[in-house]
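Now for the letters of each chain:
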Amino acid sequence: MQEATFMILTALAAGSQHGYGIITDVQAISAGRVQLKAGTLYAALERLRADKLIEVDREEIVDSRLRRYYRLTPAGGELLAAEAARLQANAGVALSRLKPATGSVT
Amino acid sequence: MSDSAHLERRYRRLLACYPRAFRYEHEQEILAVLMAGADEDQQRPRLGETANLIKHALRMRLGLSRGGIMINERTFPIRVDRPSRTLMTAFGASRKAPRVTMSPSIVDVRMGWAFHATIPREAVASARSLNRGELRGPFRLSVLRGVNYWRGTALVNGAGTGLVEITLNRSKWVWLGPLRAPMRRLIVSAEDQSGLVAALNPTTPHSPGSDDPSL
């Protein structure tokens, strides 16, 4: 899973959001490191929607413009959980191997 | 204010790079995102933003990304009998399979270069199976094949059977080869006549007698 995809799913895990909401949320949870561009975001949303990992939650008209809110589907939630567990396991291994090394240095 | 109008127009021009179906689905949303992310006095799209939009639009157009495919779309092939197919091949109208593609928001009807219509779903007032005997005016001639147009009605007919009549609640401009014409009613020969009617009228229960193959 690409990081952008992972971050989008993570943003939606907290509840439904619209496009710009996802961009600002991803920026916040990645401490400013991941800055999604509109083209990337909508290519990813379209792909995720085609794979039924996300769906449209509701639509609103704001400033005479359509605003669409997306949310995770159960399948999307499962996939994100599996990916998060995988990343956590990897990170755990990395940290446990680094610990004795850093310990001996200090 | 005029800055933002300029900027919006420039962004809109950029979004024209995207395939039509994708634009129909997402143009407003993407514009909103781009405008929300713009600086107050920004007049031109940022370089990185521009490159990113063009890259993704190209990928969709080249079929490298599935973004160009409409969501939850369903395709209904247009029925084309053998003589018509031969004729269409001769005229180069069959490069792509003639079909009706439907997404939750649009109905897209295409027969090669000869006919192309993109109709918002909400503009479809009704759809029903049509017996060939019900055709009126010049359409009466049962030998008519291919794309015919008469007084706001387009007949996109590859076989003369499986006809589905789609009535719009307003005129939509459609492409008849190189020409644009207003269309209120479309009659198309479908492989799956009852399936197409049912898909266009999601709330109307499908009547079992409507797909009589002898029509």
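These numbers were taken from a predicted model, which means no experiment stands behind them.

Scoring rules and cut-offs
Residues numbered from 1 in each chain as written. Chains lettered and ligands numbered in written order. Predicted model: local features only at pLDDT ≥ 70, side-chain atom pairs only at ≥ 80, totals over all residues. Helix = DSSP H or I, 4+ residues; strand = E, 2+ residues; numbered from the N terminus. Buried ≥ 20, exposed ≤ 12 C-beta atoms within 10 Å, placed from the backbone. Contact = placed C-beta atoms within 7 Å. pLDDT = per-residue confidence, 0-100. Pairing = 2+ DSSP bridges. Nonpolar A, V, L, I, M, F, W, Y, C, P; charged D, E, K, R; others polar. Axes fitted to C-alpha atoms, helices over the stretch in contact; angles between N-to-C directions. Parallel < 35°, antiparallel > 145°, perpendicular 65-115°, else oblique. Expected span 1.5 Å × (residues − 1). Bend = angle between axes of the 7 residues up to and from the residue.

**Quick word on the overall build of chain A**
Within chain A, the secondary structure is distributed over four helices and three strands. When the helices and strands of chain A are placed in sequence order, the string is α-β-α-α-β-β-α. Looking at chain A as a whole, 26% of its 106 residues are labelled buried.

**Quick word on the overall build of chain B**
Secondary structure summary: chain B contains five helices and nine strands in total. A burial count over chain B gives 30% of its 215 residues as buried. Across chain B, the fraction of contacts at a sequence separation of at least 24, relative to all contacts at a separation of at least 6, is 65%.

**Section: the confidence of the model for chain B**
Residues and elements named next belong to chain B. Averaged over all residues, the pLDDT of chain B equals 80, while 80% of them reach at least 70. Within chain B, helix α4 (residues 82-90) has the poorest average pLDDT of any element, 71, and strand β9 (residues 179-189) the best, 91. Taken together, the stretch residues 204-215 has pLDDT below 50 and engages in 12 contacts with residues farther than four places along the chain or on a different chain. Taken over the whole predicted complex, pTM reads 0.58, whereas the ipTM for its chain interfaces reads 0.83.

**So, unusual backbone geometry**
The phi angle of most residues is negative, glycine excepted, and most peptide bonds adopt the trans form. A positive phi angle, close to 55°, is found at A31(A), a residue other than glycine. Tracing the backbone through its elements, the reader meets A31(A) in the loop between α2 (19-29) and α3 (38-50).

**Quick look at the pairing of strand β6 (residues 146-150) of chain B**
All names here are of chain B. Examined bridge by bridge, β6 and strand β7 (residues 153-157) share five bridges and lie antiparallel to one another. Paired with G146 across the bridge in β7 is N157. In textbook terms, the turn of a hairpin is the stretch between consecutive antiparallel strands, and for β6 and β7 this stretch comprises two residues, one of which, R151, has a positive phi near 50°.

**Looking at the interface of chain B and chain A**
Listed as interface residues are 21 residues of chain B and, on the opposing side, 18 residues of chain A. Looking at the side of chain B that touches chain A, the elements with two or more residues in it are α2 (20-36) and α3 (47-61) of chain B. No other element matches the nine residues that α2(B) contributes to the side of chain B that touches chain A. Of the residues belonging to the side of chain B that touches chain A, the class tally is nine nonpolar, eight polar and four charged.

**Quick notes on the packing of α3(A) against α3(B)**
As a packed pair, α3(A) and α3(B) sit with axes 7 Å apart at the nearest point and diverge in direction by 30°. Here α3(A) is positioned roughly parallel relative to α3(B), judged by the angle of their axes. Listed contacts from α3(B) to A38(A), G39(A), T40(A) and A43(A) of α3(A) are E49(B), N52(B), L53(B), K55(B) and H56(B). A breakdown of the residues in the contact of α3(A) with α3(B) according to their chemical character gives three nonpolar, four polar and two charged.

**Describing α2(B)**
Residues and elements named next belong to chain B. Taking 1.5 Å of rise per residue, 17 residues should cover 24 Å, and α2 covers 23 Å from first to last C-alpha, within 8% of that figure. Where α2 bends most, at H26, the angle is about 60°. Every buried residue belonging to α2 is among A21, F22, E25, H26, E29, I30, A32, V33 and L34, and all of these are buried.

**As for the environment of P120(B)**
All names here are of chain B. Here P120 is to be found in strand β4 (residues 115-120). On the basis of neighbour counts, which here come to 14 C-beta atoms within 10 Å, the residue P120 falls in the partly exposed class. For the pair formed by P120 and M102, sequence separation is 18 residues and the distance between their alpha carbons is 9.8 Å.

**Regarding the sheet that holds strand β3 (residues 65-72) of chain A**
Residues and elements named next belong to chain A. Read from one edge of the open sheet, three strands run β1-β3-β2, paired in antiparallel fashion. The open sheet has two free edges, formed respectively by β1 (17-18) and β2 (54-62), since each of these has just one partner strand. Taken together, the eight bridges between β2 and β3 define a ladder with antiparallel strand orientation. Each bridged residue has a counterpart across the sheet, and for V56 the counterpart in β3 is Y70.

**What to know about the environment of S126(B)**
Residues and elements named next belong to chain B. For S126, the position within the fold is in strand β5 (residues 124-129). Taking the number of C-beta atoms within 10 Å as the measure of exposure, S126 has 13 and is therefore partly exposed. Considered as a pair, S126 and I166 are 40 residues apart in the sequence and their alpha carbons are 5.9 Å apart. Contacts of S126, omitting those with residues within four sequence positions, involve T167 and N201.

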